[in-house]
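Read off the chains here:
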Amino acid sequence: MVNEKDVVIKKDDSSQQTGIYGGLNDGYVTISYSDNSLEAYADFTPPFMNGKPLDVSGIARFLDSNNIVFGVQWDDIEIALEECNMTRRHVPGILIAIGVEPVEEVIEYYKINSLLNRKKKVITGKDRIDHRERSPFIIVKQGQILAVMHPRKPGKEGTNVHGQAIHYETIRPDGVTSGTNTTIEGNKIISNIHGQLINSNGVLSVQEHLIIKGAVGYRTGHIVFPGDVKIDGPVSDGFKIYSGGSIVVKQTLDLTEIVANGDIMVSGGVIGKGAGRIKCGGGLKTKFIESCSITARGAVIVESGIINSKVFSLDTVRMGDKGLILGGEIYSLHGLRAGGIGKKRSKATYIHCGIDFAIQQEMDKCINQLRILGVKLAKLRGIIDDPGTGNEKKAKLMDLFHKLESEKQSVTVQLTELSGKVKADDEATIEVLGEIAASTLIEICNVALYVVEPLRKVRIRLDKSAGKLIVESLK
């Protein structure tokens, strides 16, 4: 048994509390603490020779002397004591008391919607990645949730092995706040418009314009944006642009595919390499167009040249005073003005004015369908009328024949309806300040004029009463 007066407490250089029992050869315990005294550990050392062994009552007084009063692990202490006394071996690192950690207080904050954070795809050797599909921009929709409020999480004090309170810390997470074109609704930050999400130092804003300072290429990927797009650099071949508004390109455009609901303006030229195409709900303005297809509801304005391209406009095609059309086809509802059309020994050029090309294209599809259906029906009729065709087969073929007949009637009705919708402008004119080369074909409201000899400085219009095109000299 160890007397209370036998307990000696000291603090060594490693911040450990050491208790020595009785004489020099008696068993003893060394205690160490973790940070904030949340845990207390003991090393149990057995007696030497005839020294006094450790016991529970002595340990209890020892813990009390060291003010270890909370979370004492008596079961572990007794097991360690028994092992130490029975085996006469040193038993180190026993957890003899454990406190309760404090719980941090977390201040309420808005956390950005995790669905808006772009994650890098894990790429394996078998994957084929089109890097043009990757975009650095985050595009959001009107009404989309940008961030959600995380409520305050209250803190809670802890207790160390001495029974003392451990104060909790207050955490202030790096949240976000509402900025331009966003609104706080309840516990959410909502986008007011379609556009690009910008996170500037924790302030969430939605930008209705997408401004690209450099080129469109692998750095940006394809561009898909609900509003206006402005591009300061060139657009590389192979990259597509889709805009719910207008598009402005300040340099040359190596065209693959561009679609815009509004106008398109290209300060340089448009190069399509044969397969490129532009579709716009407004007009197009550019320096030149080469080897591509252009479809516009508005006017197409070209400064210098349209070369080997197809241009469709539901308004007019207007060129500079020296603007030249070489090869290709032009479809313009309300007419055309150019510096020149065609060139000697170049590809022939075709000009079509006064007709709504969109309706005309639908009509052409219907006519082609009727042609195909007529061939199929004639072939079926021949098989059905063949005396060698069995009755069972003939019955099946008659069912198919009736289905095709029904389809033909439906397409015929559609063609009739389209014919009534064709927007014709019989006042459309074609004005050329320079020369129209021989072999050029010109149509106004499907009335054609084939240019045999070059024409200079002329206006071409439709004479409705005569049903022919009139060539007039420009003053």
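Calculation notes
Residues numbered from 1 in each chain as written. Predicted model: local features only at pLDDT ≥ 70, side-chain atom pairs only at ≥ 80, totals over all residues. Heavy atoms only, no water. Axes fitted to C-alpha atoms, helices over the stretch in contact; angles between N-to-C directions. Helix = DSSP H or I, 4+ residues; strand = E, 2+ residues; numbered from the N terminus. Parallel < 35°, antiparallel > 145°, perpendicular 65-115°, else oblique. Left-handed = near helix turned anticlockwise from the far one by under 90°. Contact = heavy atoms within 4.5 Å. Pairing = 2+ DSSP bridges. pLDDT = per-residue confidence, 0-100. Salt bridge = Lys/Arg side-chain N within 4 Å of Asp/Glu carboxyl O. Buried < 20%, exposed > 50% of the residue type's maximum accessible area, 1.4 Å probe, protein only. Nonpolar A, V, L, I, M, F, W, Y, C, P; charged D, E, K, R; others polar. Core = buried A, V, L, I, M, F, W, Y, C linked by side-chain atoms within 4.5 Å.

Two elements in contact, helix H1 (residues 56-65) and helix H2 (residues 74-87), have axes whose closest approach is 11 Å; the angle formed by their N-to-C orientations is 130 degrees. As judged from the angle between their axes, H1 and H2 are oblique. The handedness of the crossing between H1 and H2 is right-handed. The residues of H2 that touch H1, namely those facing Val56, Ile59, Ala60 and Leu63, are Trp74, Ile77, Glu78 and Leu81.

Take the side chain of Gln196 next. Turning to its location among the elements, Gln196 is positioned in strand S16 (residues 195-200). When sequence neighbours within four positions are dropped, the list of residues in contact with Gln196 reads Phe137, Ile138, Ile139, Ser205, Val206, Gln207, His209, Leu210 and Phe225.

Take the pairing of strand S15 (residues 188-191) next. Where strand S9 (residues 145-150) meets S15, 3 bridges bridge the pair, whose relative direction is antiparallel. Paired with Val148 across the bridge in S15 is Lys188. As paired strands, strand S14 (residues 182-185) and S15 are joined by 4 bridges and run antiparallel to one another. Note that in S15 the partner of Thr183 across the bridge is Ile190. Between S14 and S15, which follow one another and run antiparallel, lie 2 residues, and Gly186 among them has a positive phi close to 65 degrees.

Let's shift gears to the confidence of the model for the protein chain. Confidence in the prediction of the protein chain, expressed as mean pLDDT, is 87, and 91% of residues score 70 or more. Confidence drops under a pLDDT of 50 for residues 1-20, and excluding neighbours within four residues, the segment shows 42 contacts in the predicted structure. Contacts of residues 119-131 to residues separated by more than four positions or lying in other chains number 8 contacts, the stretch itself having pLDDT below 50.

What follows deals with the pattern of salt bridges. Two side chains of opposite charge can pair, provided their charged atoms sit close to one another. Within the structure shown, the criterion is met by 13 salt bridges. Residue Lys310 pairs with Glu329 through a salt bridge whose shortest N-O separation is 3.8 Å. With Lys310 in strand S29 (residues 310-313) and Glu329 in strand S32 (residues 329-332), this residue pair connects regions lying 19 residues apart in the sequence. Ionic pairing is found between Arg461 and Glu472, a salt bridge with its closest N-O pair at 2.7 Å. Of this pair, Arg461 sits in strand S39 (residues 455-463) while Glu472 sits in strand S40 (residues 468-473); the two residues are 11 residues apart in sequence, bridging distant segments of the chain. The class for Arg461 is partly exposed, based on a relative accessible area of 31%.

At a minimum axis distance of 9 Å, the contact between helix H3 (residues 357-385) and helix H4 (residues 391-421) shows a crossing angle of 160 degrees. When the axes of H3 and H4 are compared, the pair comes out roughly antiparallel. For the element pair H3 and H4, the recorded crossing hand is left-handed. Class assignment for the residues of the contact of H3 with H4 results in 18 nonpolar, 4 polar and 8 charged.

A general tendency of soluble globular proteins is for nonpolar side chains to be buried together. Counting 52 residues, the largest nonpolar core has Leu336 and Ile430 as its most contacted members. Looking at this core, the element that brings in the most residues is strand S27 (residues 284-296), giving 5 residues. Not counting the four nearest positions on each side in its chain, Leu336 is found in contact with Val317, Ile325, Ile330, Ile341, Ile351, Cys353, Thr429, Ile430 and Glu431. Counting 19 residues, the second largest nonpolar core, distinct from the first, contains Ala42, Leu54, Ile68 and Ile77.

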